[in-house]
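Residue strings, one per chain:
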Amino acid sequence: MRVLGIDPGLTRCGIGVVEGVAGRPLTMIGVGVVRTSSDAELGDRLVAVERGIEQWLDEHSPGFVAVERVFAQHNVRTVMGTAQASAVAMLCAARRGIPVALHTPSEVKAAVTGSGRADKDQVGAMVTRLLRLDAPPRPADAADALALAICHIWRAPAQNRLQQAVAAHRTSGTPRTSGATGTLGASRTPGASRTPSTSRPLKGRTA
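Everything in this summary refers to the structure shown in the same document.

Quick notes on the rules
Residues numbered from 1 in each chain as written. Predicted model: local features only at pLDDT ≥ 70, side-chain atom pairs only at ≥ 80, totals over all residues. Heavy atoms only, no water. Core = buried A, V, L, I, M, F, W, Y, C linked by side-chain atoms within 4.5 Å. Buried < 20%, exposed > 50% of the residue type's maximum accessible area, 1.4 Å probe, protein only. Helix = DSSP H or I, 4+ residues; strand = E, 2+ residues; numbered from the N terminus. Contact = heavy atoms within 4.5 Å. Axes fitted to C-alpha atoms, helices over the stretch in contact; angles between N-to-C directions. Parallel < 35°, antiparallel > 145°, perpendicular 65-115°, else oblique. Left-handed = near helix turned anticlockwise from the far one by under 90°. Expected span 1.5 Å × (residues − 1). Pairing = 2+ DSSP bridges.

**Quick look at the nonpolar core**
(1) Moving on: Residues Val-18, Val-127, Leu-131 and Ile-150 are the most contacted members of the largest nonpolar core, which totals 18 residues.
(2) Moving on: Listing elements by their share of this core, those giving two or more residues are α3 (105-113), α4 (120-130) and α5 (140-172).
(3) Moving on: A per-element tally of this core places α5 first, with seven residues.
(4) Moving on: For Val-18, the residues in contact, after removing those within four places along its chain, are Met-1, Arg-2, Val-3, Leu-26, Thr-27, Leu-131, Leu-146, Ala-149, Ile-150 and Ile-153.

**Section: unusual backbone geometry**
(1) Moving on: With omega at -5°, the peptide bond leading from Arg-138 into Pro-139 counts as cis.
(2) Moving on: Relative to the helices and strands, Pro-139 resides in the loop between α4 and α5.
(3) Moving on: Here the phi dihedral of Ser-61 falls at roughly 45°; this positive angle occurs in a residue that is not glycine.
(4) Moving on: Summarising the element assignment, Ser-61 is placed in the loop between α1 (42-60) and β4 (64-68).
(5) Moving on: Look at Ser-61 and you get exposed, because its relative accessible area is 54%.
(6) Moving on: A positive phi angle, near 55°, is found at Arg-132, a position not held by glycine.

**Here's the deal with the packing of α1 against helix α2 (residues 76-95)**
(1) Moving on: α2 packs onto α1 with a crossing angle of 40° between their chain directions and a minimal axis gap of 9 Å. For the element pair α1 / α2, the angle class is oblique. Seen along the crossing, α1 lies across α2 with a hand that is right-handed. Contacts from Leu-42, Leu-46, Val-49, Glu-50, Ile-53, Glu-54 and Leu-57 in α1 reach Gln-84, Ala-85, Val-88, Ala-89, Cys-92, Ala-93 and Arg-95 in α2.

**Examining α2**
(1) Moving on: With 20 residues, α2 extends 28 Å between its outermost C-alpha atoms, agreeing within 8% with the 28 Å of an ideal straight helix rising 1.5 Å per residue.
(2) Moving on: Among the residues of α2, Val-79, Gly-81, Thr-82, Ala-85, Ser-86, Val-88, Ala-89, Cys-92 and Ala-93 are the ones counted as buried.
(3) Moving on: In the core, the buried residues of α2 are packed alongside β1 (2-7), α1, β4 and β5 (100-103).
(4) Moving on: Gly-97 occupies a position one or two residues after α2 and carries a positive phi of about 75°.

**Let's talk about the environment of Ile-29**
(1) Moving on: Here Ile-29 shows up in strand β3 (residues 27-35).
(2) Moving on: Sequence separation of Ile-29 and Gly-16 is 13 residues, and the distance between their C-alpha atoms is 7.7 Å.
(3) Moving on: When near neighbours in sequence (up to four residues on either side) are disregarded, Ile-29 contacts Arg-2, Val-17, Glu-19 and His-60.

**Topic: the environment of Met-90**
(1) Moving on: Tracing the chain through its elements places Met-90 in helix α2.
(2) Moving on: Here Met-90 falls in the partly exposed class, since its relative accessible area comes to 29%.
(3) Moving on: Distance from Met-90 to Leu-102, taken between C-alpha atoms, is 9.5 Å for residues 12 residues apart in sequence.

**Side note on the sheet that holds β5**
(1) Moving on: Read from one edge of the open sheet, five strands run β3-β2-β1-β4-β5, paired in mixed fashion. In the strand order of this sheet, the two ends are held by β3 and β5, each with one partner. Strand-to-strand twist of the sheet, defined as the mean angle between neighbouring strand axes without regard to direction, takes the value 20°.
(2) Moving on: Both β1 and β4 contribute to a ladder of four bridges, which runs parallel. Bridge pairing links Leu-4 to Val-65 in β4.

Printed below as a string of structure tokens:
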């Protein structure tokens, strides 16, 4: 499995490619950052992010793309930029028919370090260890992108089994329809007799 992880951002968009399967040593194929100038127009910055991601997709042909899920922060401007870059990343993958998975920061941290509250240094250190690198990737956005790819490789098998189980449950739970059609009264218990309408007691006259 080859996964391209993307840590979305307008100023720095981290990108990392990891190959391997769960339960076996993983290999880093490439890592880098797509940068844009904060002085440039928003549209131009988004185009630059798109071009950068497209180059990575062309060069490495991943089977999956893992993108960090945008979460709320106090700095609304930062959230907007991250969301816009995230949308560009998903668009680039979808245009090629590549499956996209979204992982929250805490989910990635927990998968890589064992703690959903790990800081960037801890994430970088574990990424370095897991991929057998000489030093932590810099900047931190690059290490986060690799962590995203690692997280997806490790969690994809479990997620696939869960999706299959849900799909199987929905299929088995689908109500079966009989070939007979009729009114609502057609669901009567077999053998039950229908009371004729004339069996209602009649009021007699007294002598």
